[in-house]
Amino acid sequence: MGDKTSTHPGAAGRAAAVDHPSSVRNVVLVGHSGSGKTTLVEALALASGAVNRAGRVEDGGCLSDYDEIEHRQQRSVQLSLVPVEWDGIKINLLDTPGYADFVGELRAGLRAADAALFVVSAADGVDGATRMVWDECAAVGMPRAIVITHLEAARADFDSMTGTCGTSFGGDDPDAVLPLYLPLYGAAGADGHAPVHGLIGLLTQRVYDYSTGVRKERDPEPEELPLIEEARNRLIEGIIAESEDESLMDRYLGGEDIDIKTLIGDLETAVARGSFHPVLAAAPAAEGSKEGLGTVELLELITRGFPTPAEREAPAVTTPEGAPRPALTCDPEGPLVAEVVKTSSDPYVGRLSLVRVFSGTLLPDRTVHVSGHGLADRGHEDHDVDERIGALSAPFGKQQRSLTKAVAGDLACVAKLTRAETGDTLSAKEAPLLMAPWDMPDPLLPVAIQAHSKADEDKLSQGLARLVAEDPTMRLEQNQDTHQVVLWCLGEAHVDVALERLRSRYGVQVDAVPHKVSLRETFGAKAAGRGRHVKQSGGHGQYAICEIEVEPLPGGSGIEFVDKVVGGAVPRQFIPSVEKGVRAQATRGVAAGYPLVDVRVTLLDGKAHSVDSSDAAFQTAGALALREAAAEARIHLLEPVAEVTVLVADDYVGPVMSDLSGRRGRVVGTEQSGAGRTVVRAEVPEYEIGRYAVDLRSLSHGTGRFQRRYARHEPMPPQLAARIREEREKQENGG
């Protein structure tokens, strides 16, 4: 890395199909929104020769930000694949959104990749959410490197940011996060800021000059070598500490000059196994230039330091019935196993499935088994079907370039898989397999929607089904209590993109309406009621009278109906009619129109007529009796209470607990969860946490996560209950 002179591959940068996993590198770019990931992908595509001119995010001309929504918002909102070629190696660059609402796209990118580039802005630093993703990658041993961007910013400081990365990412071993190159600065401008015009390799002690727009290699000037001495010694010691040759450190400390090839070999080995994380600098090419600062060095790191797919362990597989199967190997001749990491719709091609092949070789016009399990709670029914593979292609911006095959380790797009959804497994139909799913965040921000017009209503169901099939971090709920259609999303930006896609992609216009929680009613004390339904004005009449007593029961008891009629005051055949009327009225509510629960209704007495009494008459009398009892009693409005578990950095525990208390929550306990993180457990009314997904992110600077689970219904405070009743009355009266 950095010890050889690069040759520009020209048109060869446009990656084609490969024959073996050793010729593939799958790399995901990670970083907060605005760190420069998309611009870096564009710079690498230019340096590799995949494009002749780099696009700009501001102009909507970038390869990986080709969606109209991305053009309008000037930020990535979906996972994008840009394949390039360098030194005979196909590099699948996976650009991910940096905004927290689209973390589902990031996780899909992590699943498809074998290594990660963490992109850090020299102007903004490392945020908490990026540190969390770093820890997730560390937990699975994914190789990582760091790229520092925005060195042109007035307050950018490469040395300071390198130290920040060592502290943030190095953990107990900051010497595992060290730069391979140091920037060389030109003359300072009027603002005092000196531009970066080149790099000096710490191992090779060679200068890579980008000042002319083309990378040129030269010997360092005498005054340049002292600038790197301290950093060079620290890097060599860091590499030797990771070396498998235990004698290397003794030889180095004894004054022996270690051969550069040995150091580079040990460096590449340490990077590939994920124990050493190099820091590099990169910048887009100037207008008219072909190579941006540090792009060649970064491409060399990817091709020579990052592992091949065959060096990474594949996810576990089972049969669709759950029986374990032998571990997969990344072998083009092995059994076919691929996974859908992204689903999208193209106006010309139809549904496109981006798949990562883990074993075997994917070929067009072959029938495969599609298996999807484990996401039924999000509206994705378990399914096992056989489907025919359509055309294979490699995405390149808006274009799809035809492929003849996709071998183990590679990524490709498959056209027209009608049943395949994100997260599904493709395998041989003769021996179906199922991959263990990756961790997907729970959507916890609800938005209730309704069709804008009758024409939209006819298309709404199909549009929502397609939308949810594309995005497993979205959940569709048809709430039977509130009669609302609810989309559960990860945040407000996620909601905006979902509704915009419904409109632009599926032609469905919807309106967001206030989200309702499932309220209930119950009696606060024992009460009696008499239902009298008598209509006798000639001809066949209606006659039914019943007397009931209603008493509250513990939460979760439902409705009990007890018959204590004596002497046949209510004929036996009409007692079920009274119960049916009582239960029907309970469903409609007795005070504010919410279902009545947790009461015992006892039928005590009544009267009947030999001719005019009927099933319908006693149903009506039962409903009237319950309403009369409610009119004489104190009715409690019950609200759902959720068990909320918040995982947050220790620095934010106090603010989180205070915020939960302000939401009428009860903190029931806290406990440590690893270094520097705490779990806070609380019970909070659902009425107060509709926007908690957004508010917690703001409160914890993006580091907090939470889960919620329904616990029970509890009486609502009288003042709030009165306000809700007033709002309900206004709605019913058209106010």
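Structural data are supplied above this passage.
Let me begin by describing the structure that accompanies this report.

Here is what the cut-offs are and how they apply
- One numbering rule holds for all chains: residues counted from 1, following each sequence as written.
- Where local features are concerned, this predicted model is filtered to residues with pLDDT of at least 70; where side-chain atom pairs are given and counted, the filter is 80 or more; whole-chain, interface and lining totals use all residues.
- The side-chain values count all of the structure's non-hydrogen atoms but skip hydrogen atoms and water molecules.
- Only DSSP runs of H or I with at least four residues qualify as helices, and only runs of E with at least two residues qualify as strands; both kinds are numbered from the N terminus onward.
- Polar contacts, as used here, are pairs of N or O atoms within 3.5 Å; protein pairs need one atom able to donate a hydrogen and one able to accept it. Residues neighboring in sequence count only if both atoms are side-chain atoms.
- Angles run from 0 to 180 degrees between N-to-C directions of axes, and those axes are lines fitted to C-alpha atoms, restricted for helices to the stretch in contact.
- Roughly parallel covers angles under 35 degrees, roughly antiparallel covers those over 145, roughly perpendicular covers 65 to 115, and oblique covers all other angles.
- The hand of a helix crossing depends on one turn: near helix anticlockwise from the far one by less than a right angle means left-handed, and clockwise means right-handed.
- It only takes one pair of heavy atoms within 4.5 Å for two residues to be counted as in contact.
- Points on a 1 Å grid, built from protein atoms alone, make a cavity when a 1.4 Å probe fits but cannot get out and make a pocket when they are open with protein on both sides within 12 Å along at least 5 of 7 lines; residues with an atom within 4 Å of a point are the lining residues.
- Grid points are joined across faces, edges and corners, and a volume is the space filled by probe spheres set on the points.
- When residues are grouped by polarity, Ala, Val, Leu, Ile, Met, Phe, Trp, Tyr, Cys and Pro land in nonpolar, Asp, Glu, Lys and Arg in charged, and all others, Gly among them, in polar.
- At least two bridges found by DSSP between two strands are what make those strands a pair.
- Residues enter a nonpolar core if they are buried and are Ala, Val, Leu, Ile, Met, Phe, Trp, Tyr or Cys, with the set joined through side-chain atoms within 4.5 Å.
- Burial classes follow relative accessibility: with a 1.4 Å probe on protein chains only, a residue under 20% of its type's maximum area counts as buried, one over 50% as exposed, and anything between as partly exposed.
- Ring pairs shown here join Phe, Tyr and Trp side chains whose ring centres sit within 6.5 Å, with only the six-membered ring taken for Trp; geometry is labelled stacked below 30 degrees between planes, edge-to-face above 60, and tilted in between.
- For a lysine, the NZ atom is tested; for an arginine, the CZ atom; a charge sits over a ring if that atom is within 6 Å of the ring centre and within 35 degrees of the ring normal.

## Focus on the environment of Asp 598
Right, on to step 1. Residue position: Asp 598 is located in the loop between α12 (575-588) and β32 (599-608).
Right, on to step 2. Considered as a pair, Asp 598 and Phe 396 are 202 residues apart in the sequence and their alpha carbons are 60 Å apart.
Right, on to step 3. Within the structure, the side chain of Asp 598 is placed 2.9 Å from the backbone nitrogen of Ser 557, a separation counted as a polar contact.

## Digging into the packing of helix α14 (residues 653-662) against helix α15 (residues 692-699)
Right, on to step 1. The interhelical angle for the contact between α14 and α15, taken along N-to-C directions, is 150°, at an axis separation of 10 Å. On the basis of their axis angle, the class for α14 and α15 is roughly antiparallel. Relative to α15, α14 is oriented so that their crossing is right-handed. Contacts between α14 and α15 involve Pro 655, Val 656, Asp 659 and Leu 660 on the former and, on the latter, Tyr 692, Leu 696 and Leu 699.

## What to know about empty space enclosed by the protein
Right, on to step 1. For the structure on display, the rule yields three cavities of 30 Å³ or more.
Right, on to step 2. The volume enclosed by the largest cavity comes to roughly 170 Å³.
Right, on to step 3. Looking at the lining of the largest cavity, the elements with two or more residues in it are α3 (103-112), β13 (337-346), α10 (454-470) and α11 (492-506).
Right, on to step 4. When grouped by side-chain class, the residues that make up the lining of the largest cavity number six nonpolar, six polar and seven charged.
Right, on to step 5. Roughly 90 Å³ of internal volume is contained in the second largest cavity.
Right, on to step 6. Along the walls of the second largest cavity sit 13 residues, with Gly 104, Glu 105, Thr 422, Asp 471 and Pro 472 positioned nearest its centre.

## A look at the sheet that holds strand β24 (residues 445-451)
Right, on to step 1. Spatial ordering of the open sheet is given by β25-β26-β24-β27, a layout of four strands whose pairing is antiparallel. The open sheet is flanked by β25 (475-479) and β27 (510-513), the only strands paired with a single partner. Taking each pair of neighbouring strands and ignoring which way they run, the sheet shows an average axis angle of 35°.
Right, on to step 2. Pairing analysis gives four bridges linking β24 to β27, with the strands arranged antiparallel.

## Focus: the nonpolar core
Right, on to step 1. Counting residues in each nonpolar core, the largest one holds 102 residues, and the members touching the most others are Ile 91, Leu 93, Leu 117 and Ile 146.
Right, on to step 2. Residue contacts for Ile 146: discarding those within four places in its chain leaves Phe 118, Val 120, Trp 134, Cys 165, Phe 169, Val 177, Pro 278, Val 279 and Leu 280.
Right, on to step 3. Listed in part, the 38 residues of the second largest apolar core include Leu 464, Val 495, Val 508 and Val 646.

## Points about the packing of aromatic side chains
Each aromatic ring pair is specified by the distance between its two centres and by the angle formed by the two planes.
Right, on to step 1. Counted under the stated rule, the structure contains seven aromatic pairs.
Right, on to step 2. Here Trp 134 and Phe 169 contribute two aromatic rings whose centre-to-centre distance is 4.2 Å and whose plane-to-plane angle is 20°, an arrangement assigned as stacked. Taken together, the residues span a long stretch of sequence, with Trp 134 in helix α4 (residues 128-139) and Phe 169 in helix α5 (residues 158-170) at a distance of 35 residues. Note on accessibility: Trp 134 and Phe 169 belong to one class, buried.
Right, on to step 3. With centroids separated by 6.0 Å and ring planes inclined at 75°, the aromatic side chains of Tyr 181 and Tyr 208 adopt a geometry described as edge-to-face. Taken together, the residues Tyr 181 in strand β7 (residues 181-185) and Tyr 208 in strand β9 (residues 207-209) connect sequence positions 27 residues apart. Across the pair, exposure class does not vary: Tyr 181 and Tyr 208 are buried alike.
Right, on to step 4. Of the aromatic side chains, those joined through ring pairs into one cluster are Phe 118, Trp 134 and Phe 169.
Right, on to step 5. For the cation-ring pair, Arg 144 lies above Trp 134, with the distance from its terminal atom to the ring centre recorded as 4.6 Å.
Right, on to step 6. A cation over a ring is seen here: Arg 356 above Phe 358, with NZ or CZ 4.5 Å from the ring centre.

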